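Report on the structure
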Amino acid sequence: MRAMTVTQRMRRFVGAAAGFALVALALAVAGTSAPAKHRATASPAAKCNASNIRLVDSIRSLSNPYHAVWSSGSKGYVKSLGLPSKNYQLLLNEGDSAKQVAQVRTLLATGNDACTAISVDPNENSVTETIAKLVQKSGAWVTIYWNKNPGLLPWKGYSHWVSFIGFDGRIGGYQIAKELFKAMGNKGNIVAIQGLLDNVPAQQRFAGLKKALAETPGVKMLDQQTANWDRTQALTLTKTFLAKYPGKINGVWAANDNMALGALQALKAAGLAGKVPVVGIDAVPEALQDIHTGDVGYVATVASDAYWQGGAGLSLGYQAMMGKLKPNSLPHSKRAFYAKTILITKQNVGTFIAPAKPAAYKADWANPFKRFVSPITR
Amino acid sequence: MLGQTLGAALAPRSQWRSSAGEFVRTRGSLVALILLVVSFTAANPSFLTIANIHSIADAAAIVAIVAVGQTFVILLGAIDLSVEGVMALSAVATSLLVANDRNGVNLGLFAIPAVLALGATMGVAAGVANTRMRIPSFMATLGLWAIGIGLGTVLFGGRPPVIEQQNFLNIGLGHWLGFTKISYIALGVVLFAWFLQRYTRFGRYAYVIGGAEDVARLSGINVAKYKVLIFTFSGTMFALASILATSELGVGDVRTGTGYLFSSITAVVVGGTLLSGGRGGVVQSMIGALIIAVIANGMVLVGISPLAQQGVQGGIILIAVALTGWPARRRLRVIK
């Protein structure tokens, strides 16, 4: 009896699955034929308007504050153009590089590419070249942030890659180190928590710390380890440091806020919060709150301004698609550059705690080059 | 329910004791642990200070709880990959159910049983998918991993909810006699699970099913029921681990569980539980968790360059597994 019902259920299930597969197949067929038509009409002189413009972010995940703020900046920018929100698309890859490339590939196969602008935060260096090539072939427009291999540059064969924008970690790493030392009275011992060791920003930030250490003879670095940008790992690592150097640690330098916040929890558990200053980079909301309150010893962080990044990345591509900006005639310094970062301490934290307003960013989105700091030449 | 299973399970106890292989394996991982402690202490005497022992116990605690849940599943010959998903969802759910900066819901410490129930539900889903829908545990729990991360991300909404409930945070920040409260909770969990493993049908049948599922079924054991129960238990343990990690971190972070899948399975295997099922146990897994914590801690204390650490760590783990299995290598069945 029971066996019968199981078989029946199985049959029904198989039937349903087959039906589902048929529908999926039909959709797939419809999906592949439609873009072919689009393609045909997408001549170079295609007019881009609300019906065919696509402004797209390819970023990691909304499960971290940085990319969540990034995406809200992009939405703010799209709104400021007077476009409806359906013109904005968000591709999330959850840290999977192969998925990131596949998503961009799918995007470029399904619409009017000449009216598509993509803003990319590549998961790793190797993704950058692949995406730049895909975009170049399709005729879409792209802005790429943070990661690329040395030697890969937009003006070397990529007329549709508008700009590469990075943030010089040496500056941020140096600035927070100086603030940390100041809070320690320029003497004592620190421990350093590094990011992923093969990441360029991690290496640059650490180089900034080393420069500051060289300038400040009173401060000594007792130890340095990586916590891979991870909060929990930083928590465990800081506990280990506290056990290894009991009573000797006077400050904690972390390569990002996430790890600094993990270190802070370890200090809290040891009753040292507020006595041992902590610094990080990225300006995540909790760090800003701690700097603002000022009672746990969080001294400084650095903002690359994710809200601006979201809008600026799309803005460059949008202007190129509308013909207002011709990438190939831009000077190299506008095709690859380090953009401005902002040191945030108790003095100026107030202005960063309130949610960003699109109106305040309008000028910096319209002309992203306003935030130029130095060129990237390799 | 417990009393009933307890009574029924007590009978074949003496027979169980005669299985000396169990003991041998426990000793293997213990030998590895002692060797590690001795070598690290030789390299840096401050390894064996009280403060550092506290720090190691604390680092091993949450891994041990996850490993306890994982142990029963692996004893079945199955695997539970949903660790990071259950932990992600539980972390965010916990932070949203206690006093926080996001919403007005405030269940106080009652959030803990609520989230444990959530973890148990995820476990039931894994068990039902495995036994009723006949999806291999590997695939079923992989799906739940993604579901957990997905639900967690939706609830998370862009920034981690910051916990404002002091008595909840005190669980993660507090100490008794130098050891963190979390260390004691982990020890309690291990003892409770050891009791389950040894004196109840729940634990005993895990060995039977893992040893030979067909035989278990033929001899009238309701295999599906016990499998679902075991997945429910593992889901609950992952949720507990996540609650404790959340009280330590002070925020509900989707990435709370990151790394625990790998470290829990490593702890179970280093401890000496066979991935093919049927042999091992929770005490070994606790020793496995301690071995992992000792290695990570020892690396920092000895001052091995961060660039070389991961490689060295992998090497030490392989040696530890070899040591663990050495006394029983003749008894081991086919190694796949």
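Model, not experiment: these values are computed from the prediction. (Residues numbered from 1 in each chain as written. Chains lettered and ligands numbered in written order. Predicted model: local features only at pLDDT ≥ 70, side-chain atom pairs only at ≥ 80, totals over all residues. Heavy atoms only, no water.)

All names here are of chain A. Strand order in the open sheet formed by six strands is E7-E6-E8-E9-E10-E12, and the pairing between neighbours is mixed. Two strands in the sheet have a free side with no partner beyond their single neighbour: strand E7 (219-226) and strand E12 (342-344). In terms of strand pairing, strand E6 (residues 188-194) meets E7 through seven bridges, oriented parallel. Paired with Val191 across the strands is Asp223, a residue of E7. (Pairing = 2+ DSSP bridges. Helix = DSSP H or I, 4+ residues; strand = E, 2+ residues; numbered from the N terminus.)

Moving on: the packing of aromatic side chains. Residue and element names in this part refer to chain A. Tallied over the full model, the rule gives 22 aromatic pairs over all chains. Where Tyr158 meets Trp161, the ring centres are 5.6 Å apart and the plane angle is 70°; that geometry is what we call edge-to-face. This pair shows no difference in class: Tyr158 is buried, exactly as Trp161 is. A ring pair is formed by Trp161 and Phe164, whose centres lie 6.4 Å apart and whose planes are at 80°; its orientation type is edge-to-face. Both residues of the pair, Trp161 and Phe164, belong to the buried class. Of note, Lys211 hangs over the ring of Tyr174, and the distance from its end group to the ring centre comes to 4.3 Å. (Phe/Tyr/Trp six-rings, centres within 6.5 Å; stacked < 30°, edge-to-face > 60°. Buried < 20%, exposed > 50% of the residue type's maximum accessible area, 1.4 Å probe, protein only. Lys NZ or Arg CZ within 6 Å of the ring centre and 35° of its normal.)

Let us look at the state of the cysteines. All names here are of chain A. Tallied over the full model, the rule gives one disulfide over all chains. The disulfide partner of Cys48 is Cys115, and the S-S distance across this bridge is 2.0 Å. Between Cys48 and Cys115, the disulfide has an S-S torsion of -85° and is therefore left-handed. Of the two residues, Cys48 is situated in the loop between helix H1 (2-41) and strand E1 (54-59) and Cys115 in the loop between helix H3 (97-108) and strand E3 (116-120); the sequence distance between them amounts to 67 residues. (Disulfide = S-S within 2.5 Å.)

Residues and elements named next belong to chain B. Contact geometry for helix H5 (residues 83-97) and helix H7 (residues 137-156): axes closest at 6 Å, N-to-C directions at 25°. Of the possible angle classes, the one that applies to H5 and H7 is roughly parallel. The two elements H5 and H7 meet at a crossing, and its hand is left-handed. Counted together, Glu84, Gly85, Ala88, Leu89, Val92 and Leu96 of H5 and Leu144, Trp145, Gly148, Ile149, Leu151, Gly152, Leu155 and Phe156 of H7 form the full contact between these two elements. By residue class, the composition of the contact of H5 with H7 is ten nonpolar, three polar and one charged. (Axes fitted to C-alpha atoms, helices over the stretch in contact; angles between N-to-C directions. Parallel < 35°, antiparallel > 145°, perpendicular 65-115°, else oblique. Left-handed = near helix turned anticlockwise from the far one by under 90°. Contact = heavy atoms within 4.5 Å. Nonpolar A, V, L, I, M, F, W, Y, C, P; charged D, E, K, R; others polar.)

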